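Reading the structure
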Amino acid sequence: MLFNSHAFLFGFLPVVLLAYFAAARRGREYGNLVLALASLFFYAWWDVRYLPLLLASIAGNYACSLRIRAAQGPARRRWLVAALAANLALLGWYKYAGFFAAGVAQATGWHLPALHIVLPIGISFFTFTQIAFLVDTARGHVSESRFLHYLLFVTYFPHLIAGPVLHHGEMMPQFGDDRNRWPRAVNFAVGGSVFFIGLAKKVLVADNLAPYANVLFADPQEVSLLVAWGGVLAYAFQLYFDFSGYSDMAIGLSRLFGVQLPLNFASPYKAASIMEFWRRWHMTLSRFLRDYLYIPLGGNRRGPARRSANLMATMLLGGLWHGAGWNYVIWGGLHGLYLVTGQAWRGLAQRMGWRGGPAGRLAGWALTFAAVCVAWVFFRAPDLDTALAILAGMAGEHGVQLPATIGAHLGAHLGGLKAALDGLGIGWYQGGTARFVETWGWVAAAAVVAFAMPNTQQIMHRFAPALDAGGPREAAVRLAWRPARRHAVLIGTLAVLGVLSLNRPTDFLYFQF
């Protein structure tokens, strides 16, 4: 069931809200039970065949957590290792068995049968969530042991399919908070506003950018520079608004129940360094990889060389987490190289006493955004050949060309400019004018919103819609949301436009991970 579907908006959500608050009036745990059952129904709506797998994973991990808590010394470690191995084996089978079988067949020439394994939706997110819980249990950081709270923590429907990756310490106390037993107007106003802002990002921006990216990645042969960059930027902003929209919708939905989710997205394209980008993009996954992989590997405690190796290992595994394919490995490797280079540059700049200033930050932003876009090519391309063909176009290997219709208009009205472009070696091609103009028009509009507008958390900062929703607030003063008629009209307009655009609901891009 998609958040951006009529079934969810006009069926599932109203029924669950009514049932939850009716049950919670009798007691907090009754409400939690309704919410947990509703979350299981939400998951089963996708494919009921995988509901037993989800329940088995939850029951098995919960049982292991109890054994880990009860054990002492080496026995505790053995239980933890066994539980982690089981989780990784499950994830590895569903996500990577086909990839590794194909790799072995290619490397050895063996004729292995193809494995057609359907990936259970959300398996990466509910597996990572439980791995963090097990590790923290072994570390003695877990005090909550009620099964109902654990079940709800893992299955809570606003996050179950595509994150954010939750931390038990943030969520379980909220599930026991008696203040959430009754509906509150402020929660509905804030949660509803955040949700409809997210819906608008998804259906009004991301979905309208998708066709222009799809055209390029479906047929990238010998594309010229502007066509290649137009398609790649269309995808970069499609993914940006798709993921940002989902993150907002998840936060807004959860707030209706009085529960705050952790912030997962904070204007990453405004980052002036690759380190800052990863503090703003998929923030809870970055936190998971830092706390449960990078730091246990040694982090930055053993010198620059070991830090670089740890960064590379973390990003390579992070890339592989996104999908079983060499393109994802390359994407992760590129970001590992970016981070290693960024850390080296930061160290050098500190030793030189160079602070950069506004010009330095502008240069850092441009370089970071370009590097991220180059990496997105591997992330989106169906295979390596497609990615290399697009990169060749972005590098200008096939020249710079514009639609001939534009050239004719320039020649008729701005002859000097047409002649200047001819002198620069700009070529002209027939057809495709509308697509070229629409692509760059949508890219320009999306860029204005992404670069110049405050994000949802800044707009809603007075009401703390998410956990850890900090960041600069000055820019949002004029757009800061308040319960007033003007803002109600704006949000209402977004809601109407969003709902009217639901005739063809599309999946969120992060659902496939």
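Fair warning: this is a prediction, and the values are worked out from it, not measured in the lab. (Residues numbered from 1 in each chain as written. Predicted model: local features only at pLDDT ≥ 70, side-chain atom pairs only at ≥ 80, totals over all residues. Heavy atoms only, no water.)

Section: the overall build of the protein
So the rule is basically this: Only runs of H or I of at least four residues qualify as helices and only runs of E of at least two qualify as strands under DSSP, and these elements are numbered from the N terminus. Restricting the calculation to C-alpha atoms gives the radius of gyration, and the globule rule supplies 2.2 Å times the number of residues raised to the power 0.38. Residue exposure (1.4 Å probe, protein chains only): buried if accessible area is under 20% of the type maximum, exposed if over 50%, otherwise partly exposed. In what follows, residue pairs with any heavy atoms lying within 4.5 Å of each other are defined as contacts. We get accessible surface area from the Shrake-Rupley algorithm with a probe of 1.4 Å; when it comes to residues, only the shown protein chains can shield them. The charged-residue count follows a simple rule in which Lys and Arg add positive charge and Asp and Glu add negative charge, with His and chain termini not counted at all. Just so you know, the charge point we use is NZ for Lys, CZ for Arg, CG for Asp and CD for Glu.
A count of helical and extended segments in the protein gives 21 helices and 2 strands. For the protein, the C-alpha radius of gyration of 25 Å lies close to 24 Å, the compact-globule estimate for 513 residues. If you line up the protein on its principal axes, its C-alpha atoms span 80 × 65 × 55 Å. Sorting the 513 residues of the protein into buried and exposed places 54% on the buried side. Contacts in the protein between residues far apart in sequence, at least 24 positions, make up 75% of those at least 6 positions apart. A total of about 23,200 Å² of accessible surface is found on the protein, and carbon and sulfur atoms cover 65% of it. Separation of charge centres in the protein, based on 41 positive and 22 negative side chains, amounts to 11 Å.

Re the packing of aromatic side chains
Here the distance between the centres and the angle between the planes together describe a pair of aromatic rings. Threshold: Here a Phe, Tyr or Trp ring, Trp counted by its six-membered ring, pairs with any other such ring whose centre lies within 6.5 Å, and the pair is stacked when the planes are under 30 degrees apart, edge-to-face when over 60, and tilted otherwise. Here, a charge over a ring is recorded when the distance from Lys NZ or Arg CZ to the ring centre is within 6 Å and its angle to the ring normal is within 35 degrees.
Using the criterion set out here, one finds 56 aromatic pairs in the structure. Arranged with centres 6.2 Å apart and planes meeting at 65°, the rings of Phe8 and Phe157 form a pair that is edge-to-face. Residue Phe8 is found in helix α1 (residues 6-24), and its partner Phe157 is found in helix α7 (residues 157-160); the two are separated by 149 residues along the sequence. For the pair formed by Phe8 and Phe157, the shared burial category is buried. Sitting over the ring of Tyr30, Arg26 keeps its end group 4.8 Å from the ring centre.

A word on the pattern of salt bridges
Heads up, the rule is: Just to be clear on terms, a salt bridge is a Lys or Arg side-chain nitrogen sitting within 4 Å of an Asp or Glu carboxyl oxygen.
In this structure the tally under the stated criterion is 12 salt bridges. One salt bridge in this structure joins Lys202 and Asp242, with 2.6 Å as the shortest N-O distance. In this pair, Lys202 is assigned in helix α9 (residues 185-218) and Asp242 in helix α10 (residues 225-256), connecting sequence segments 40 residues apart. Here Lys202 and Asp242 have matching classes, each one buried. Among the ionic pairs, Arg280 bridges to Glu276, the shortest N-O distance being 3.0 Å. One end of the pair is Arg280 and the other is Glu276, both in helix α11 (residues 274-280) and 4 residues apart, which spans about a single turn.

Points about the environment of Leu285
Examined against the element boundaries, Leu285 turns out to sit in helix α12 (residues 283-297). Sequence-wise, Leu285 and Leu166 are 119 residues apart; in three dimensions their C-alpha atoms are separated by 9.2 Å. Setting aside chain neighbours within four positions, we find Leu285 in contact with Phe128, Val165, Asn264, Trp321 and His322.

Examining a nonpolar patch on the surface
What counts here: Within this analysis, patches are made of residues with over 30% relative accessible area and no salt bridge. Like charges are joined at 9 Å or less; nonpolar side chains (Val, Leu, Ile, Met, Phe, Trp, Tyr) at 5 Å or less.
Taken together, Trp345, Leu348, Met352 and Trp354 make up a surface patch of nonpolar side chains, about 460 Å² in accessible area. Of note, Met352 is situated in helix α14 (residues 326-352). Judged by its relative accessible area of 58%, Met352 is exposed.

Points about the environment of Ala495
In this structure, Ala495 sits in helix α21 (residues 485-500). For Ala495, a relative accessible area of 12% puts it in the buried group. Separated by 300 residues in sequence, Ala495 and Phe195 have C-alpha atoms that sit 8.9 Å apart.

Some details on the packing of helix α5 (residues 123-138) against helix α6 (residues 147-155)
Cut-off, in case you're wondering: For helices, the fitted line uses only the C-alpha atoms of the stretch in contact; every axis is such a line through C-alpha atoms, and the angle between N-to-C directions lies from 0 to 180 degrees. If an angle is under 35 degrees, it is roughly parallel; if it is over 145, roughly antiparallel; if it lies from 65 to 115, roughly perpendicular; otherwise it is oblique. By the convention adopted, Pro, Cys, Tyr, Trp, Phe, Met, Ile, Leu, Val and Ala count as nonpolar, Lys, Arg, Asp and Glu as charged, and the other residues, Gly among them, as polar.
Contact geometry of α5 with α6 gives a least axis separation of 9 Å together with a crossing angle of 135°. As summarised for this structure, α5 and α6 are arranged oblique, according to the angle between their axes. Every residue of α6 that contacts α5 at Phe126, Thr129, Gln130 and Phe133 is listed here: Tyr150, Phe153 and Val154. Residue composition of the contact of α5 with α6, by class: 5 nonpolar, 2 polar and no charged.

Describing the side chain of His282
Relative to the helices and strands, His282 is located in the loop between α11 and α12. Not counting chain neighbours up to four residues away, the residues in contact with His282 comprise Phe125, Phe243, Asn264, Trp321 and Tyr510.

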